[in-house]
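Okay, here's what each chain looks like letter by letter:
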Amino acid sequence: SSACVVGFMNRGLWYALGAYIIWGLLTIFWKQLAHVPAIQLICHRIVWSCLLLSAYVVISGQAKKLFDSAKTFVVLRTYTFAALLISLNWLVFIWGVNAGYVVETSLGYFINPLVSVLIGVVFLHERLRRGQWIAVALASAGVLVLGFAYGAIPWIALTLAFSFAFYGLIKKHASLSSIQGLTLETMIIFLPALGYLIYAETQHTGALMHTDLNTNLMLIATGVITIVPLLMFSTAARRISLTHIGILQYIAPTIGFLAGVLIYHETVTRYQYFGFGLVWTALFIFALDGLLAHRRR
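Residues numbered from 1 in each chain as written. Predicted model: local features only at pLDDT ≥ 70, side-chain atom pairs only at ≥ 80, totals over all residues. Heavy atoms only, no water.

**Section: the side chain of Glu104**
Thought 1: Considering the arrangement of structural elements, one finds Glu104 in helix H5 (residues 102–124).
Thought 2: Among buried Asp, Glu, Lys and Arg side chains, Glu104 stands out as unpaired, with Lys31 the closest opposite charge at 12 Å.
Thought 3: Beyond its immediate sequence surroundings of up to four residues, Glu104 is in contact with Tyr150, Pro154, Trp155, Ile156 and Ala157. (Helix = DSSP H or I, 4+ residues; strand = E, 2+ residues; numbered from the N terminus. Buried < 20%, exposed > 50% of the residue type's maximum accessible area, 1.4 Å probe, protein only. Lys, Arg positive; Asp, Glu negative; His and termini not counted. Salt bridge = Lys/Arg side-chain N within 4 Å of Asp/Glu carboxyl O. Contact = heavy atoms within 4.5 Å.)

Have a look at this one:
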């Protein structure tokens, strides 16, 4: 019935909303661990995520498909590239947040959808509508203005945007589900991450079990905060349209931007606001164009 469909859709929207809010609040989570080196934080995230994801895959009966797929060279190569890109993305994000560049990290995820569109044109020969071209042009102008305002290229934002966009490009043609894929990715980089944590321990620089209880619990929880929003997003993606997802995805960087300005009091000049204004205008045009195209279809 229509009531059942509406309820189904609403649950999907709530799952998506929850996932993006959690991703937005990760800025605050990582900021609480600023006293731990970023390289250790990402290694903990990889190790604990791998352990929890592996357990989930086994319990949910997905292990056989995962390991059968992992035996093929093409799949292994694809997910190795994906693992390197997501590791770079995580590392730059965590370092940027804890080094006082919260606002710039939020910019990276604001422009990411537009970079993805541009990558689709270059690598997949997709055609853009006029509204999409206008959005890409405005966002590019915004990045140039921000580069002028910063006095340098906003490399943190661009690294986050391009690494995640190329990660999405690789996953677009991947054969595994998002959960299975991330499990394989963390498995591929599990040993290097664990090896570094052991090395840090031998150098007496390891944070786990050498700091306060809150830090220890948060380090272990890095796996949980990685998996929970991903599971929520995976559930939502099956229940709601890509148009809804496309609009909701701006919740996370908005929370990050507000946290940077209101909580961590990062300075934002009028030139930076102008640059962000161009990017936000581009996103509005991009979202409106997508909504209108969806309705026409």
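**Remarks on the packing of helix H4 (residues 73–98) against helix H7 (residues 155–172)**
Two quantities define a packed helix pair, namely the angle between the axes and the distance from one axis to the other.
Thought 1: Contact pair H4 / H7: the axes reach a minimum separation of 9 Å and the direction vectors enclose 155 degrees. One finds that H4 runs roughly antiparallel with respect to H7. Relative to H7, the crossing made by H4 is left-handed. For the pair formed by H4 and H7, the contact residues are Thr78, Tyr79, Phe81, Ala82, Leu85, Ile86, Leu88, Asn89, Val92, Phe93, Trp95 and Gly96 on the first element and Trp155, Ile156, Thr159, Leu160, Ser163, Phe164, Phe166, Tyr167, Ile170 and Lys171 on the second.
Thought 2: For the contact of H4 with H7, the class distribution of residues is 16 nonpolar, 5 polar and 1 charged. (Axes fitted to C-alpha atoms, helices over the stretch in contact; angles between N-to-C directions. Parallel < 35°, antiparallel > 145°, perpendicular 65-115°, else oblique. Left-handed = near helix turned anticlockwise from the far one by under 90°. Nonpolar A, V, L, I, M, F, W, Y, C, P; charged D, E, K, R; others polar.)

**A word on helix H10 (residues 213–237)**
Thought 1: Here H10 contains 25 residues, and its C-alpha end-to-end distance of 36 Å stays within 8% of the 36 Å for a straight helix at 1.5 Å per residue.
Thought 2: Measuring from the side-chain oxygen of the N-cap residue of H10 to the backbone nitrogen of Asn214 gives 3.2 Å; that N-cap residue is Asp212. (Expected span 1.5 Å × (residues − 1). Polar contact = N/O pair within 3.5 Å; in protein donor to acceptor, adjacent residues only side chain to side chain.)

**A look at the nonpolar core**
When a protein is soluble and globular, its nonpolar side chains tend to lie buried together.
Thought 1: Formed by 29 residues in total, the largest nonpolar core has its most connected members in Ile46, Tyr79, Trp90, Tyr167, Leu182 and Leu184.
Thought 2: Of all the secondary-structure elements, those providing two or more residues to this core are helix H2 (38–59), helix H3 (63–70), H4, helix H8 (178–188), helix H9 (190–202) and H10.
Thought 3: What Leu182 contacts, discounting residues up to four positions off in sequence, is Leu53, Trp90, Tyr167, Lys171, Thr226 and Leu230.
Thought 4: Ranked by size, the runner-up nonpolar core spans 27 residues in total, among them Val117, Val143, Leu146 and Val268. (Core = buried A, V, L, I, M, F, W, Y, C linked by side-chain atoms within 4.5 Å.)

**Focus: the side chain of Thr186**
Thought 1: Summarising the element assignment, Thr186 is placed in helix H8.
Thought 2: Setting aside residues up to four positions removed in sequence, Thr186 forms contacts with Ile46, Ser49, Cys50 and Leu53.

These figures capture arrangement, not role.
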